[in-house]
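Understanding the architecture of this molecule
Okay, here's what each chain looks like letter by letter:
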Amino acid sequence: MSEFILPRPPHYEGALLVAKDVTMRFGGVTAVSELSLALPKGSIAGVIGPNGAGKTTAFNVLSGFYTPQEGEITLDGQNIKGLKPYDICRRGMARTFQNIRLSQHMTVLENIMVGCHVRRHCPWWMAPLGLPAFYREEAAIKEKSRLLAERVNLGDHLDDLASSLPYGAQRRLEIARALATEPRLLLLDEPAAGMNPQESIELMHFIGHIREEFDLTILLIEHDMKVVMGVCQYIWVMEYGALIAEGNPEDIRNNPVVIRAYLGEDMGSGGMF
Ligand SMILES: Nc1ncnc2c1ncn2[C@@H]1O[C@H](COP(=O)(O)OP(=O)(O)OP(=O)(O)O)[C@@H](O)[C@H]1O
């Protein structure tokens, strides 16, 4: 019997996001190597791997921040490789960042409103003309943003600067801004980073709830294995840019190749899964 569970051929049927043989190089460094994955609609899935495995680069490639040298990427059957992040966002993919990228000098409400502008119908030049349609839409955007702020427990902080929020709240604000773009697919890059154990548990419930409420498919990168194992139905494992394993949390937890990849980082298998 084989010692480990090899990555399976992706099941493209019913997948919202598909990557086929995607390779991304930076000069001599191959950050992502022949990555293939198919993310089923409505699922919550994770990408894990040791530091430098290529996870964030994979997210940057999937969301249009980098164009890979090789491979194909489709969202709901449509090619998105080579499109700009804004266009990919308009097609229904939103994301958060490993290093929080909020407009720190803007308020909570303003940050969420920025996300809403992706779906704005009235062009900016209507504003100086004082056209009522523009102001009606602006009011609707404000109301939608207020409701989203409430949804992420920031309803009492609408006028606070993003920079004044604690770390965990900034992460929730990033998620609210992503939700404001009305995504079908949400990519979360290390959503539990910097959170204490109680906040991480709340985050797991929150991710499950927003998936239901907003009819989302969610792909996340996470180092906190309790969060990954608790919330993901399916997991891809990367090492040195390539997939080394995939499967449900049980498969991954017991996969010697995965344990070895992490042991190589001195993380130990006992406590981590
Ligand atoms: N813009 C870049 N230019 C050159 N090399 C890069 C660039 N971005 C990433 N890399 C390299 O690609 C490899 C993968 O990095 P990446 O940040 O994607 O890993 P990661 O799995 O997200 O790591 P971590 O868990 O530490 O965030 C690393 O060797 C990194 O140094």
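Provided above is the structure to which this section pertains.
Here the residue index of a chain counts from 1 through its sequence in written order. Local features are withheld for residues below a pLDDT of 70 in this predicted model, meaning they are given only at 70 or higher, and side-chain atom pairs are given and counted only at 80 or more; totals for whole chains, interfaces and linings count all residues. Values reported for side chains reflect all heavy atoms of the structure, with hydrogen atoms and water molecules removed beforehand.

1. Describing the packing of helix α3 (residues 108-116) against helix α5 (residues 167-180)
For clarity, the cut-off: Only the stretch in contact is used when fitting a helix axis, every axis being a line fitted to C-alpha atoms; angles between N-to-C directions are given from 0 to 180 degrees. Only runs of H or I of at least four residues qualify as helices and only runs of E of at least two qualify as strands under DSSP, and these elements are numbered from the N terminus. Working definition: roughly parallel below 35 degrees, roughly antiparallel above 145 degrees, roughly perpendicular at 65 to 115 degrees, and oblique for all remaining angles. Put simply, a crossing is left-handed when the front helix is turned counterclockwise from the back one by less than a right angle, and right-handed when it is turned clockwise. Note on definitions: a residue-residue contact is assigned when non-hydrogen atoms from the two residues lie within 4.5 Å. Here the nonpolar group is Ala, Val, Leu, Ile, Met, Phe, Trp, Tyr, Cys and Pro; Asp, Glu, Lys and Arg are the charged ones; every other residue, Gly included, is treated as polar.
One way to put it is that α3 packs onto α5 with a least axis distance of 6 Å and a crossing angle of 30°. Here α3 is positioned roughly parallel relative to α5, judged by the angle of their axes. The two elements α3 and α5 cross, and the hand of that crossing is right-handed. For the pair α3 and α5, the contacting residues are Val108, Asn111, Ile112, Gly115 and Cys116 in the first and Leu173, Ala176, Arg177 and Ala180 in the second. Considering only residue class, the contact of α3 with α5 consists of six nonpolar, two polar and one charged.

2. Here we look at a nonpolar patch on the surface
Using the following cut-off: Patch building starts from residues that exceed 30% relative accessible area and form no salt bridge, then joins like charges within 9 Å and nonpolar side chains (Val, Leu, Ile, Met, Phe, Trp, Tyr) within 5 Å. Computed by Shrake-Rupley with a 1.4 Å probe, the accessible areas treat only the displayed protein chains as cover when residues are assessed. Salt bridge, as applied in this entry: a Lys or Arg side-chain nitrogen positioned within 4 Å of an Asp or Glu carboxyl oxygen.
A contiguous nonpolar surface patch, about 340 Å² in accessible area, is contributed by Phe26, Val29, Phe65 and Tyr66. Looking at the secondary structure, you find Val29 in strand β2 (residues 29-40).

3. Describing the pattern of salt bridges
Side chains bearing opposite charge may pair, as long as their charged atoms lie close to each other. To keep things clear, this is the line we draw: To sort residues, take the accessible area from a 1.4 Å probe on protein chains only and compare it with the maximum for the residue type: under 20% means buried, over 50% means exposed, and anything in between is partly exposed.
Tallied over the entire structure, the rule returns 11 salt bridges. A salt bridge links Arg95 to Asp189, with the shortest nitrogen-to-oxygen separation between them at 4.0 Å. Of this pair, Arg95 sits in strand β6 (residues 93-95) while Asp189 sits in strand β7 (residues 185-189), placing them 94 residues apart in sequence. Between Arg253 and Glu250 there is a salt bridge whose closest N-O contact spans 2.8 Å. On the criterion of helical spacing, the pair formed by Arg253 and Glu250 is a turn pair, its members being three residues apart in helix α8 (residues 249-253). Exposure remark for Arg253: the relative accessible area of 26% places this residue in the partly exposed category. In this structure Glu250 comes out as partly exposed when scored by relative accessible area, which is 44%.

4. Digging into the sheet that holds β2
Short version of the rule: Two strands are counted as paired when DSSP detects at least two bridges linking them.
As summarised here, the arrangement of the four strands in space is β2-β1-β4-β5, forming an open sheet in which the pairing is antiparallel. Strands with a single pairing partner mark the edges of an open sheet, and in this sheet they are β2 and β5 (78-79). Summarising the sheet, strand β4 (residues 70-75) and β5 pair through two bridges and their orientation is antiparallel. Across the sheet, the residue bridging to Leu75 is Gln78, located in β5. Where helix α1 (residues 55-62) meets the sheet, its contacts fall on β1 (15-26), β2 and β4, and the angle it forms with β1 comes to roughly 115°.

5. Considering the nonpolar core
Rules: Among the buried residues, those of types Ala, Val, Leu, Ile, Met, Phe, Trp, Tyr and Cys that are joined through side-chain atoms within 4.5 Å form a nonpolar core. Start and end positions for the domains come from either an automated domain assignment or a database one.
Of all hydrophobic cores here, the largest spans 51 residues; its most connected members are Leu186 and Ile218. Ranked by the residues each element gives to this core, the list is headed by α5, at seven residues. Three or more residues apiece are contributed to this core by two domains, here domain 1 (1-92 + 183-273) and domain 2 (104-177). Other than its neighbours up to four places away in sequence, Leu186 contacts Ala94, Arg95, Ala178, Leu179, Ile210, Leu216, Thr217, Ile218 and Leu219.

Just geometry here; none of it tells us what the structure is for.
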